[in-house]
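Take a look at the letters that make up each chain.
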There are 2 protein chains.
Amino acid sequence: MKRISSRATSFDVAALAGVSQSAVSRAFTPGSSIAEEKRAKVLEAARKLNYVPNSIASSLTTKRTNIIALILGNMGNPFYVHVLHEFSRRLQALGRQVLIFTVDPGSESDEAILRALQYQIDGVILTAAQLSTRMTSLCHDRGIPIVLFNRYIPGSDASGVRCDNVGGGRLIAEAFLAAGAKSFAMITGDPKGTTSQDRVRGFVERLMEEGIRRSEIEEVGGQSSYDGAAQAALTLFGDRARPRPDALFGINDIMAMGAVDALRYRLGLKIPEDLMVAGFDDIPEARRAPYKLTTVRQPINQMVEQTLALMHLDEPDRPIERGIDMPLASRLIWRSTIPVPPAYRSDIADDAGMDESG
Amino acid sequence: MKRISSRATSFDVAALAGVSQSAVSRAFTPGSSIAEEKRAKVLEAARKLNYVPNSIASSLTTKRTNIIALILGNMGNPFYVHVLHEFSRRLQALGRQVLIFTVDPGSESDEAILRALQYQIDGVILTAAQLSTRMTSLCHDRGIPIVLFNRYIPGSDASGVRCDNVGGGRLIAEAFLAAGAKSFAMITGDPKGTTSQDRVRGFVERLMEEGIRRSEIEEVGGQSSYDGAAQAALTLFGDRARPRPDALFGINDIMAMGAVDALRYRLGLKIPEDLMVAGFDDIPEARRAPYKLTTVRQPINQMVEQTLALMHLDEPDRPIERGIDMPLASRLIWRSTIPVPPAYRSDIADDAGMDESG
DNA sequence: GCAATCATTGAATGCGCATTCACAGTCGCG
DNA sequence: CGCGACTGTGAATGCGCATTCAATGATTGC
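Notes on the structure in this doc start here. Counting restarts for each chain: residues are numbered from 1 in the order of the written sequence. Working convention: letters from A go to chains and numbers from 1 go to ligands, in the order in which they are written. For a predicted model such as this one, the threshold for reporting local features is a pLDDT of at least 70, and the threshold for listing and counting side-chain atom pairs is 80 or more; totals across whole chains, interfaces and linings nevertheless cover every residue. By convention in this description, side-chain values take in all heavy atoms of the structure and omit both hydrogens and water.

## Considering the overall build of chain A
The test is simple: Helix and strand assignments follow DSSP, with helices taken as H or I runs no shorter than four residues and strands as E runs no shorter than two, numbered in order from the N terminus. The contact criterion used is simple: two residues touch if any of their non-hydrogen atoms lie within 4.5 Å. With residues, only the protein chains shown are counted as cover, and all accessible areas are computed by Shrake-Rupley using a 1.4 Å probe. Neither His nor the chain ends contribute to the count of charged residues, in which Lys and Arg are positive and Asp and Glu negative. To locate a charge, take atom NZ for lysine, CZ for arginine, CG for aspartate or CD for glutamate.
Within chain A, the secondary structure is distributed over 12 helices and 11 strands. C-alpha atoms of chain A, sized along the principal axes, occupy 85 × 45 × 35 Å. The long-range fraction of contacts in chain A, counting pairs at least 24 apart against all pairs at least 6 apart in sequence, stands at 70%. Summing over all exposed atoms, chain A offers an accessible surface of approximately 14800 Å²; the carbon and sulfur share of this is 50%. Between the centroid of the 42 positive side chains of chain A and the centroid of its 43 negative side chains there is a distance of 6 Å.

Right under this line is the structure:
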């Protein structure tokens with residue numbers, strides 16, 4: 001059995017193939033000037049030696065690692081898992097690698113970004129975490145694009161990609177109103193996050209247009225999780241003495257699901273008969289039989305594409321766009337947690353799941 | 001506003017601090033020989049220049065990148081999401097970075113491993129994907145440990161970490177029998193995976209000990225997903241003409257959940273009255289109110305620790321253990337999809353969720 | 001048929017850092 | 001008071017590769 005040298009270098013391959021090291025490098029670099037015959041010889045030698053090019057070494061000279069840092073702030077929310085999956089797929093297809101960092105929901109991402117910078121990453125995608133201006137400029141000074149996913153930071157240099165959360169909130173208010181709701185409640189998430197704020201704002205805004213006062217809309221904040229929302233639902237609806245609102249907006253699907261389960265199984269309420277509920281995101285779980293959640297669909301694939309476009313990985317020298325924020329349109333998915341008013345009958349979700357075009 | 005040089009190098013820092021480049025390197029290397037006073041001077045200069053050490057460059061000399069490749073074969077199963085999260089947390093705490101690769105469930109991981117090797121990763125963790133012997137030796141020849149998570153490959157040099165799936169399958173058979181079940185069915189997953197095979201084996205083995213013949217145990221394979229299992233459940237139970245088995249084993253929780261929903265909402269069956277169901281894994285979703293799934297808990301944290309131990313990241317020169325496979329004990333979590341027999345009353349899950357000790 | 005162009009090629013260089021080596025002080029101990 | 005044992009230090013080197021540069025032979029155009 002042939003003893004194979006572990007970690008052969010381009011020089012080893014060059015020696016075996018009887019060519020220069022430059023030639024080996026060229027053989028593995030698409031588009032470089034090398035005779036097809038010679039390239040074949042090099043590849044053959046490389047195969048014999050189990051040679052694997054060292055990307056780390058090459059990135060020393062090229063200044064590109066093809067690594068993208070993905071910072072995840074809330075893996076407990078399936079929405080972000082879905083996002084991770086989508087980014088992973090797309091970036092792999094583009095020949096990029098994904099370096100993962102998980103941080104506690106809503107906490108600072110500074111440490112993670114610092115670590116990422118040490119690895120000379122080509123870009124940063126940030127979900128559900130705070131971003132300091134110091135880190136933003138640290139990245140931008142180095143020509144590293146940083147994109148906020150599903151959030152934006154007012155006044156920040158960092159660009160962001162998100163859907164129209166205000167509009168989405170309005171859609172939900174609209175749906176509740178159309179279904180005849182008169183009194184309203186919300187379970188909100190991270191109060192520092194613009195995502196939650198905007199959804200609330202759109203929702204409230206629309207209701208106020210109908211003459212409902214803000215003070216009449218009950219609100220409870222919770223941990224941005226299934227359990228947090230279940231807890232919040234109990235504090236909102238557990239008190240039998242108070243009149244019960246007849247519509248509940250869960251600020252995202254996973255929280256809406258937590259609320260739905262608490263309402264049904266702990267308080268014995270019927271949805272939508274006793275109470276209508278809506279979520280936001282349209283995660284795959286939202287359409288499962290126990291939930292059939294009426295919700296607003298985020299155009300994940302569009303958002304992912306937009307994010308990649310903002311990073312313009314193919315033109316690394318292009319100056320980074322600062323502070324871009326182009327909200328994408330979202331749309332309402334009618335299912336079963338709000339009675340469907342006649343005018344909307346044709347909109348009922350066929351439930352092919354989250355669709356590709358968004 | 002001070003114009004900050006982008007990407008200062010250790011030489012820049014050295015110049016500003018009035019020391020040699022070696023000193024800068026030492027200042028950032030814990031445990032190296034440098035006077036505290038000088039280190040402080042270096043760090044001060046580094047701060048002024050926004051210097052971030054280049055891990056890529058340093059790994060060229062140290063031969064360690066502190067990057068671990070994590071190959072995920074089935075992100076649709078929350079179990080693996082949980083696993084990813086756990087690895088991410090642990091590895092970050094150990095000062096390692098996680099490079100993610102997603103591959104289609106059950107497909108070859110060769111391409112992903114090859115990409116990982118280019119980045120000179122320090123180790124590979126593989127979940128729910130196939131592994132060729134060629135890749136195994138490619139890694140091992142380079143001294144890179146590769147650990148299979150939640151599976152093993154008979155005859156492979158790669159070590160694996162998993163729970164006692166055979167024993168877990170037996171626990172479930174046991175539970176069904178204790179609850180008085182007489183006829184049985186299974187929805188199985190990836191037929192190539194030892195995990196599914198072993199669970200089936202233990203389950204069938206235990207039933208056969210009670211005189212039940214293998215041919216009497218109905219089995220349908222499905223896509224290893226919620227939807228795949230829902231589909232499988234309909235083919236198993238949709239035929240009203242045949243006698244209905246009174247116990248169904250879903251090979252993992254996400255599939256059991258898909259089956260439960262299909263049985264309840266499509267076929268109108270009551271669980272556990274008409275039919276008992278069990279899953280496997282004990283994912284966080286399993287304990288939610290609509291499911292309350294009786295299942296076998298995998299000791300995730302133990303498994304993660306075991307995996308890290310097998311990679312002995314702190315002793316990179318230690319030879320790699322080949323073909324290690326030490327199944328960890330699993331245990332049954334009683335919830336509501338199997339009627340709890342009197343003898344087991346004290347075992348009912350308090351449902352604090354997946355616990356830390358496993 | 002000859003000069004000008006072009007496609008290939010290898011030697012040399014540098015990317016940013018850790019590490020080795022030799023050397024200058026310091027200290028301890030007899 | 002003196003010599004070995006240490007500690008701290010900087011110059012020099014090399015990690016594995018891409019790239020530049022100059023040189024070569026091949027090809028084209030006229």
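## Examining the interface of chain B and chain A
This is how the line gets drawn: A 1.4 Å probe defines the accessible area here, and the buried area is the portion of it lost by two parts on being joined, summed over both. The term salt bridge refers to a pairing of a side-chain nitrogen on Lys or Arg with a carboxyl oxygen on Asp or Glu at a separation within 4 Å. Any two strands are treated as partners once DSSP identifies two or more bridges connecting them.
The partner chain A presents 52 residues to the 53 residues of chain B that form the contact. For the pairing of chain B and chain A, the buried interface totals around 5300 Å² over both sides, and the portion due to carbon and sulfur atoms is 54%. Two residues, Asp-227 of chain B and Arg-287 of chain A, come together in a salt bridge whose shortest N-O distance is 3.4 Å. Breaking the side of chain B that touches chain A down by element, the ones donating at least two residues are helix 4 (55-62), helix 5 (78-93), strand 2 (97-102), helix 6 (110-118), helix 7 (133-141), helix 10 (226-237) and helix 11 (253-266) of chain B. Judged from the three bridges that link them, strand 2 (residues 97-102) of chain A and strand 2 of chain B form a sheet pairing that is antiparallel. Residue Leu-99 of chain A lies in a different strand from strand 2 of chain B, and its bridge partner there is Leu-99 of chain B.

## Some thoughts on the pattern of salt bridges
Residue and element names in this part refer to chain A. Basically, it comes down to this: Burial status follows relative accessibility: with a 1.4 Å probe on protein chains alone, a residue under 20% of its type maximum counts as buried, one over 50% as exposed, and anything between as partly exposed.
Tallying each qualifying case throughout the model produces 52 salt bridges over all chains. A salt bridge links Arg-201 to Asp-198, with the shortest nitrogen-to-oxygen separation between them at 3.2 Å. Within this pair, Arg-201 and its partner Asp-198 are both found in helix 9 (residues 194-209), separated by three residues, close to a single helical turn. For the salt bridge of Glu-315 with Arg-318, the shortest nitrogen-to-oxygen distance reads 2.9 Å. Using a relative accessible area of 33% as the deciding quantity, one classes Arg-318 as partly exposed.

## Brief notes about the packing of helix 8 (residues 165-178) of chain A against helix 9 of chain A
Residue and element names in this part refer to chain A. Stated formally: Orientation is described by lines fitted to C-alpha atoms, with helices fitted over the stretch in contact, and by angles between N-to-C directions that extend from 0 to 180 degrees. Each angle receives one of four descriptions, namely roughly parallel if under 35 degrees, roughly antiparallel if over 145, roughly perpendicular if within 65 to 115, and oblique otherwise. Handedness of a crossing follows from how the near helix is turned relative to the far one, being left-handed for an anticlockwise turn of less than a right angle and right-handed for a clockwise one. The classification used treats Ala, Val, Leu, Ile, Met, Phe, Trp, Tyr, Cys and Pro as nonpolar, Asp, Glu, Lys and Arg as charged, and all other residues, Gly among them, as polar.
Running from N to C, helix 8 and helix 9 cross one another at 40 degrees; their axes reach a closest spacing of 7 Å. By the angle class used here, helix 8 and helix 9 are oblique. Our pair here, helix 8 against helix 9, has a crossing hand that is right-handed. From helix 8, Asn-165, Val-166, Gly-169, Arg-170, Ile-172, Ala-173, Glu-174, Phe-176 and Leu-177 reach across to helix 9, where they touch Thr-195, Asp-198, Arg-199, Arg-201, Gly-202, Phe-203, Glu-205, Arg-206, Leu-207 and Glu-209. When grouped by side-chain class, the residues that make up the contact of helix 8 with helix 9 number seven nonpolar, four polar and eight charged.

## Remarks on the protein's contact with DNA strand D
Let me state the cut-off plainly: Here a residue counts as near a molecule or strand whenever at least one of its heavy atoms sits within 4 Å of it. Pairs of N or O atoms within 3.5 Å make up the polar contacts considered here, provided that, within protein, one atom can donate a hydrogen while the other can accept it, and that residues adjacent in sequence are counted only when both atoms are side-chain atoms.
Close contacts around DNA strand D come from 28 residues, with Ser-10, Ser-25 and Tyr-51 of chain A together with Arg-26 and Lys-63 of chain B the closest. Between DNA strand D and Thr-61 of chain A there is a distance of 3.0 Å, counted from a sugar or linking oxygen to a side-chain nitrogen or oxygen. A distance of 2.7 Å is found between a base oxygen of DNA strand D and a side-chain nitrogen or oxygen belonging to Arg-26 of chain B. Ranked by residues supplied to the surface near DNA strand D, first place goes to helix 4 (residues 55-62) of chain A with five residues. Here the residues of the surface near DNA strand D sort into 10 nonpolar, 14 polar and four charged.

## What to know about the sheet that holds strand 2 of chain A
Backbone-to-backbone hydrogen bonds pair the strands of a sheet. The strands run either parallel or antiparallel. Within the open sheet, the 10 strands sit side by side as 5(A)-4(A)-3(A)-1(A)-2(A)-2(B)-1(B)-3(B)-4(B)-5(B). Their pairing is mixed. The open sheet has two edge strands with one neighbour each: strand 5 (159-161) of chain A together with strand 5 (159-161) of chain B. Within this sheet the neighbouring strands show an average axis-to-axis angle of 25 degrees, counted without direction. As judged from the six bridges shared by strand 1 (residues 67-72) of chain B and strand 2 of chain B, these two strands associate in the parallel manner. Counterpart to Ile-68 of chain B in the pairing with strand 2 of chain B is Val-98 of chain B.

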